[in-house]
Amino acid sequence: MQNWQPSASIPALKQRAKIIQVIRHFFAEKNVLEVETPLLATSGVTDLHLENLTSEFNGPGFNDGLTLYLQTSPEYAMKRLLAAGSGCIYQICKAFRNDESGRFHNPEFTMLEWYRVGFDHFMLMDETEQLLKLVLNCLPAERLTYQQAFLKFTSIDPLDTSINQLKTFLKSNDQADLADILESETDLLQWIFTDFIEPEIGQEAPCFIYHFPAAQASLAKLSRTDNRVADRFEVYFKGIELANGFHELTDKAEQQKRFEQDNRLRIDNGKTEKPIDQHLLAALENGLPDCAGIALGIDRLIMLALGHNEIKDSLSFDLNRC
Amino acid sequence: MATVSTNEFKGGLKIMLDGEPCAIIENEFVKPGKGQAFNRVKIRKLISGKVLEKTFKSGESVEKAEIMDYELSYLYNDGEFWHFMNNETFEQIAADAKAIGDNEKWLVEQDTCTITTWNDSPIAVTPPNFVELEVTETDPGLKGDTAGTGGKPATLSTGAVVRVPLFVQIGEVIKVDTRSGEYVSRVK
């Protein structure tokens, strides 16, 4: 028998619709413009651990076919709008990630992404907290730097550590197997964060972790006061990674360098190089206004709001039913 | 050597770990937004019975364990081995005490058991969920007593000891749930 029924219950879908209305109202009140950008684009992301789904267009102008990447987030196109003078913008759209499926992952999911011109990451953390309180009716958020979180729960200083120290930590915590398979300092730090810190933070109230090590800057500016860290933050609540924000990198040369570094890392890890988004680089060259931006997983937010244990409970049809 | 990718992990899959066949009990996909993906699995080692957690990088491959389950009929015990037979092909297979474990007391001739083999050698024997055995020893109960008041121990023909209601007498055949070791009913 075909399993045609939705993954989420109809009452859950009604509540989902209400939450999305609340979000739209939140931004309308602040005069943040709703936009839509393409889900299909001629380039994807260069990140070591993010994979695009791809599709191919065949038709007028592209007789030999054009590879189009389903976007892992609408970030690059939204930054082009900002560079073109859109002012503050938000978007609620689908995003796609290959290789990701599980209790908290579906390869197609809904993302809320917004950019605030003139904000830094601290101001954006404040605004994110407002939105979370509105939707989740939660307690005031906790805030810890990445370094504080590590020192508190592992006694490791992530800004002054070594591959050796991190592997020794894993071995002394009964994880010699992981010490063997993780090679880079960043992979080791990310695993230790996921397995030893994430379960300890944000249980009662959302927790903002900010000032990630520079090697995990992604598209964030490096901190003006401490160049060992980046102006990047993440939000965790009840064991779920909910959002990732940046005081956005606006320097074209630095952005290009990071894309190229990503591609070198991909090759070192046996992956294929990815095309660099030249549209974004051209926009940065023209000038991206100083801004902060954040991407928040809507399906996970709805999971938290409705007390669900699995992402599929907030999706109409998950991977196994689509 | 057959291998499986972490993408094929699911409850029940049999893989090799530290040279021992294991069954996956639970499999969870773990991935930080911008980090490496992992499969965190709960595994039961099939020989030692130990349950442990293990984490793999997603996309890696591991060796598959050649584990097979056969439905075979129990024949007899020759003092060292327990012999089972495939009722269709008449092929026989012998399991040792390690594979039988605590289940000797539930083996009834002609009953169909599940024999689990690793590389064609039996590593576990699972008796049927319900077996019927004769009571060989128990205190004579009081007549007219009904079930549910604590009961009394009874020794069965295989040596198994089960708590039975007071009305059960020597010589009667009872039905027992082998998973819990509990009395179910009398058999007429």
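The written sequence of each chain sets the order in which its residues are numbered from 1. Throughout, the order in which chains and ligands are written sets their labels, letters from A for the former and numbers from 1 for the latter. Owing to the predicted nature of the model, reporting of local features is limited to residues with pLDDT of at least 70; listing and counting of side-chain atom pairs is limited to 80 or more, with chain, interface and lining totals taken over all residues. In computing side-chain properties, one takes all heavy atoms of the structure into account and sets aside hydrogens as well as water.

Engineer: So, the overall build of chain B: which residues are in play, and what are the values?
Structural biologist: Each helix is a run of H or I in the DSSP string that is no shorter than four residues. Each strand is a run of E no shorter than two, and both are numbered from the N terminus. For chain B, the count of helices and strands is one helix and 16 strands. The size measure is the radius of gyration over C-alpha atoms, and the globule rule it meets is 2.2 Å times the number of residues to the 0.38 power. Here the C-alpha radius of gyration of chain B, 22 Å, is well above what a compact globule of 188 residues would show, namely 16 Å. Counting only C-alpha atoms, chain B reaches 75 × 40 × 25 Å along its principal axes. Buried residues are those whose accessible area, probed at 1.4 Å on protein chains only, stays under 20% of the maximum for their type, while exposed residues exceed 50% and partly exposed ones sit between those limits. Within chain B, the fraction of its 188 residues that count as buried is 41%.

Engineer: Mind laying out the layout of surface pockets, listing which residues take part and the relevant values?
Structural biologist: The volume enclosed by the largest pocket comes to roughly 760 Å³. Forming the walls of the largest pocket are 35 residues, and the residues nearest its centre are D99(A), E100(A), S101(A), G102(A) and F29(B). Broken down by element, the lining of the largest pocket gets its largest block of residues, three residues, from strand β3 (residues 20–30) of chain B. Cavity means a closed set of points on a 1 Å grid over the protein atoms alone, one where a 1.4 Å probe fits but cannot get out, pocket means an open set with protein on both sides within 12 Å along at least 5 of 7 lines, and lining means a residue has an atom within 4 Å of a point. Grid points are joined across faces, edges and corners, and a volume is the space filled by probe spheres set on the points. By volume, the second largest pocket amounts to about 610 Å³. Lining the second largest pocket are 26 residues, with A215(A), Q216(A), S218(A), D262(A) and L265(A) positioned closest to its centre. Where the lining of the second largest pocket is concerned, the elements lending two or more residues are α7 (185–197) and α8 (252–268) of chain A.

Engineer: Account for empty space enclosed by the protein, with residues named and values stated.
Structural biologist: Across all of its chains, the model carries two cavities of 30 Å³ or more by this definition. Of the voids in this model, the largest cavity is the one considered here, and its volume is about 520 Å³. Lining the largest cavity are 40 residues, and of these R97(A), F109(A), M111(A), A295(A) and G33(B) sit closest to its centre. Breaking the lining of the largest cavity down by element, the ones donating at least two residues are α2 (75–83), β6 (108–117), β10 (240–247), β11 (291–297) and α10 (298–306) of chain A. Classification convention: Asp, Glu, Lys, Arg as charged; Ala, Val, Leu, Ile, Met, Phe, Trp, Tyr, Cys, Pro as nonpolar; all other residues, Gly among them, as polar. Residue classes in the lining of the largest cavity are distributed as 16 nonpolar, 12 polar and 12 charged. Put simply, the second largest cavity is a space of about 90 Å³. Q190(A), F212(A), Q216(A), Y236(A) and P32(B) are the residues nearest the centre of the second largest cavity, which is lined by 14 residues in total. For the lining of the second largest cavity, the secondary-structure elements that each account for two or more residues are α7 and β9 (229–237) of chain A.

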